[in-house]
Amino acid sequence: MRILGLVGSLRHDSYNAQLLAGARGLLPAEAELVLFDRLAEIPPFNEDEELSTPPAVAALKAAIARADAVLVATPEYNASIPGVLKNALDWVSRPIAETPLRGKPAAVVGASTGLFGAVWAQAETRKVLSTIGARVVDRELPIGQADEALDANGLPREPEALQELSAMLDELLDLTRPQELAA
Amino acid sequence: MSTATTQPIATGTWKIDTIHSHVGFAVKHMVVSTFRGRFEDYAGSLSAGEDGTPRLEGSVDVDSIVVKDENLAAHLKSPDFFDSASHPRISFVSEDLTVAEDGALEVEGELTIKGHTHRVTARGSVSGPHVDIAGSDKLGVELEAVIDRREFGLEWNAPLPKGGFALDNDVKLQVSLELVKEA
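Residues numbered from 1 in each chain as written. Chains lettered and ligands numbered in written order. Predicted model: local features only at pLDDT ≥ 70, side-chain atom pairs only at ≥ 80, totals over all residues.

Caption draft 1: Structural detail: the overall build of chain A. Broken down by element type, chain A carries six helices and six strands. Counted from the first residue to the last, chain A has its helices and strands arranged as β-α-β-α-β-α-β-α-β-β-α-α. Taken against the 2.2 N^0.38 rule, which gives 16 Å for 183 residues, the C-alpha radius of gyration of chain A at 16 Å falls within 12% of a compact globule. Seen along its three principal axes, the alpha-carbon backbone of chain A occupies a region of about 50 × 45 × 25 Å. Residue pairs at least 24 apart in sequence account for 77% of intrachain contacts in chain A once pairs closer than 6 positions are excluded. (Helix = DSSP H or I, 4+ residues; strand = E, 2+ residues; numbered from the N terminus. Rg over C-alpha atoms; globule rule 2.2 N^0.38 Å. Contact = placed C-beta atoms within 7 Å.)

Right under this line is the structure:
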């Protein structure tokens, strides 16, 4: 099972990248987490160029198509989604009929050095992913004051937050398994 | 209100020794977490006249607010919260101060924040006087009060995506003072 990790921050020592590393450590043996690290190469979305597909966009679409699920870790800028992440999702959403996110299981976590742990950016990312057609886990993991809240492995120090991260990953993995049809 | 016999504060003026004092606050955020801050610059005194009437007064420089996150500190100084450019000081003056035999302290007075003045009641304790190693007479005062920040014009809040609000309205003011007797 393959989970594609997207980090909404380009910062070298991003707490959200650390959080994804922590999440990787919680996954069962049959699941792997692969990071997509080319968000910085994606140009500004332009409808005129929608069908030309820049290389980094093609790579992201292919990575999503290959993955069984997507896990986004996002910071929050001005109470909302970082532009680089929203821009990437806008590219991936087009053409709407062909987006690899349609029906794709997805979950969103977030960390910030502020008090609120990117809680609004997470909510808006869930909204955007749902709008595009992903099957989004309806949970949030706001890690505030991330400089102190994450341990050296990228895992939340607080037991409740660690439990929530595990529960979120369990639910994400459940969404990747074939659903039993009702009798 | 304590019914114990009251004891007077020793006659004279006692100034706050800011090196050994703390003026802070605590407020819940994200429903369950507690966030703390403090002010670095403040001044005040406890005085008792010949008739034994005690008076506690002091003021705080709002711009000296210290919190872990500097973006938050800037937000707290802005018009959403303290509006320190227009209201640079917080002030308090007692109107009624009672010390019980066991040192329990109750202070009622007028607290002014952001141009709003309201009567608040603070409770705590007083200890001493005690002669310190340098031969100075010192008093210790601990006080706590809970205020509704909205009454003082600090009304910022934001709804959380999954219900509730980002910041509690009740703020606990916590003052721990060491006062030295003026010669």
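Caption draft 2: A look at the confidence of the model for chain B. All names here are of chain B. Across chain B, the average pLDDT comes to 91, with 96% of residues at 70 or higher. Ranking the helices and strands of chain B by mean pLDDT puts strand β8 (residues 104-113) first, with 97, and helix α1 (residues 70-77) last, with 91. This stretch, residues 1-5, has a pLDDT under 50; its non-local contacts, to residues over four places away or in other chains, come to nine contacts. On the interface metric, ipTM, the complex scores 0.83, and its pTM is 0.83. (pLDDT = per-residue confidence, 0-100.)

Caption draft 3: Fine view of the interface of chain A and chain B. If you look at the interface, chain A gives eleven residues, while chain B gives twelve residues. Ranked by the residues each element gives to the side of chain A that touches chain B, the list is headed by helix α4 (residues 119-132) of chain A, at three residues. Residues that form the side of chain A that touches chain B fall into these classes: six nonpolar, four polar and one charged. (Nonpolar A, V, L, I, M, F, W, Y, C, P; charged D, E, K, R; others polar.)

Caption draft 4: Summary view of helix α6 (residues 159-176) of chain A. Taking 1.5 Å of rise per residue, the 18 residues of α6 of chain A would be expected to cover 26 Å, and the 26 Å separating its terminal C-alpha atoms lies within 8% of that figure. Its buried side turned inward, α6 of chain A meets α1 (15-26), β3 (69-74) and β4 (105-111) of chain A. (Expected span 1.5 Å × (residues − 1).)

Caption draft 5: Seen up close, the pairing of strand β3 (residues 33-39) of chain B. Residue and element names in this part refer to chain B. Where strand β2 (residues 22-29) and β3 come together, seven bridges link them in antiparallel fashion. Note on β3: the bridge partner recorded for His29 is Ser33. If you look at the hairpin formed by β2 and β3, you'll find three residues sitting between the two strands, and Met30 has a positive phi there, around 50°. Sheet analysis places β3 next to strand β6 (residues 65-66), joined by two bridges and oriented antiparallel. Among the inter-strand pairings, Arg38 is bridged to a residue of β6, identified as Val66. (Pairing = 2+ DSSP bridges.)

Caption draft 6: Broad picture of the environment of Gly58 of chain B. All names here are of chain B. Mapped onto the secondary structure, Gly58 falls in strand β5 (residues 54-61). Overall, the presence of 21 C-beta atoms within 10 Å leaves Gly58 in the buried class. Separated by 14 residues in the primary sequence, Gly58 and Gly44 have C-alpha atoms spaced 3.7 Å apart. (Buried ≥ 20, exposed ≤ 12 C-beta atoms within 10 Å, placed from the backbone.)

Caption draft 7: The packing of helix α2 (residues 55-66) of chain A against helix α3 (residues 83-92) of chain A, seen in detail. Residue and element names in this part refer to chain A. Between α2 and α3, whose axes approach to 10 Å, the crossing angle comes to 75°. Taken as axis vectors, α2 and α3 run roughly perpendicular relative to one another. In this structure, α2 uses Val57, Leu60, Lys61 and Ile64 to contact α3, whose residues at the interface are Ala88, Trp91 and Val92. Class assignment for the residues of the contact of α2 with α3 results in six nonpolar, no polar and one charged. (Axes fitted to C-alpha atoms, helices over the stretch in contact; angles between N-to-C directions. Parallel < 35°, antiparallel > 145°, perpendicular 65-115°, else oblique.)

Caption draft 8: View of the nonpolar core. With 57 residues, the main nonpolar core has Leu19, Val70 and Leu71 of chain A as its most contacted residues. Top contributing element to this core by residue count: α4 of chain A, with seven residues. If sequence neighbours within four positions are ignored, Val70 of chain A has contacts with Leu4, Leu6, Ile64, Lys104, Ala106 and Ala134 of chain A. Counting 31 residues, the second largest nonpolar core, distinct from the first, contains Ile90, Val141, Phe152 and Leu177 of chain B. (Core = buried A, V, L, I, M, F, W, Y, C linked by C-beta atoms within 7 Å.)

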